[in-house]
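# Structure assessment
If you want the building blocks of each chain, they are given just below.
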Amino acid sequence: TVRQVTAEGIGVNITVDFAVSQMKAFADVIEQGIADKSFVTVMAGRLDGPVAEDLKEAGVENADVLCREASRLVTKRAYEELLPGYKKTELLVASLRGPWNFDASLAPGGGASMVISAFPDKAGEFDGLGRGKLCSTLTKPVDENALADLEKSETFRKAYEPDAMKPEEFAAYGPVQATLSGFISVYEELEEYMAQP
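This write-up is about the structure you can find in this document. (Residues numbered from 1 in each chain as written. Predicted model: local features only at pLDDT ≥ 70, side-chain atom pairs only at ≥ 80, totals over all residues. Heavy atoms only, no water.)

### Notes on the packing of helix α3 (residues 44-57) against helix α10 (residues 174-195)
Defined as follows: Helix axes are fitted to C-alpha atoms over the stretch in contact, other axes to C-alpha atoms as well, and angles between N-to-C directions run from 0 to 180 degrees. Numbering of helices and strands starts at the N terminus; helices are DSSP runs of H or I of at least 4 residues and strands are runs of E of at least 2. Two helices cross in a left-handed way if the nearer one is turned anticlockwise from the farther one by less than a right angle. They cross in a right-handed way if the turn is clockwise. By definition in these notes, contact holds between two residues if any of their heavy atoms fall within 4.5 Å. Charged residues are taken to be Asp, Glu, Lys and Arg, nonpolar residues to be Ala, Val, Leu, Ile, Met, Phe, Trp, Tyr, Cys and Pro, and polar residues to be all remaining types, Gly included.
Axis separation between α3 and α10 bottoms out at 10 Å; the angle between their running directions is 120°. Between α3 and α10 lies a crossing whose hand is right-handed. Contacts from R46, L47 and P50 in α3 reach P175, T179 and F183 in α10. Partitioned by chemical class, the residues of the contact of α3 with α10 number 4 nonpolar, 1 polar and 1 charged.

Next comes the structure, spelled out in structure tokens:
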């Protein structure tokens, strides 16, 4: 679908992306098309939760805090590896769960830009911190100890490593399954509600 639509000059936004391999696969197809601009969306906050579950099962301390580094590192890798070489594809960060996701979604000055999509309550939480100058954490170096702990999560490894999954594996990836199942469930609830007299 992406190949067909972008070949006709229509830009797309590919959501339900959690992994660098997903974003790269879609960006490769987008770049072949003639659409001026398209987006691949990293659903940052929706990655942190499954990683936290994996880390807890592995006995990693502070899993609920450490998991926040998962989406930052995936966003950082996508930003550093995708944006410089791709001309028609931009990175959009969505599903932000808190201020840490915003900090990890701000492009550093002088680099390629990114787009952030957030619910008003999450944006308000971030804005309410009153920190003055915005500070991107994308340029923050990778903490090797944190990375070693995060790699105890299969969910994180599949998201972080650029060649961890092939396109035929994307639909079975845990966060994709959970997100799509949740979307379908909400849609079914809406249908049921709309059918009421």
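### Some points on the side chain of D54
Heads up, the condition is: Partly exposed describes any residue whose relative accessible area lies between the buried limit of under 20% and the exposed limit of over 50%, with all areas from a 1.4 Å probe on protein chains only and scaled to the type maximum. As used throughout, the charge tally considers Lys and Arg to be positive and Asp and Glu to be negative, leaving His and the chain termini uncounted. We define a salt bridge as a side-chain nitrogen of Lys or Arg found within 4 Å of a carboxyl oxygen belonging to Asp or Glu. Polar contacts, as used here, are pairs of N or O atoms within 3.5 Å; protein pairs need one atom able to donate a hydrogen and one able to accept it. Residues neighboring in sequence count only if both atoms are side-chain atoms.
Mapped onto the elements, D54 comes out in helix α3. Here D54 sits buried without a salt bridge, and the closest side chain of opposite charge, R157, lies 7.1 Å off (N-O distance). Reaching out from D54, the side chain makes a polar contact with the side chain of T155 at a distance of 2.7 Å. Apart from residues no more than four positions distant in its own chain, D54 is found in contact with S153, E154 and T155.

### Comments concerning the environment of G49
Tracing the sequence through the fold places G49 in helix α3. The class of G49 is partly exposed, set by a relative accessible area of 32%. As for G49 and R68, which are separated by 19 residues in sequence, their C-alpha atoms are 8.6 Å apart.

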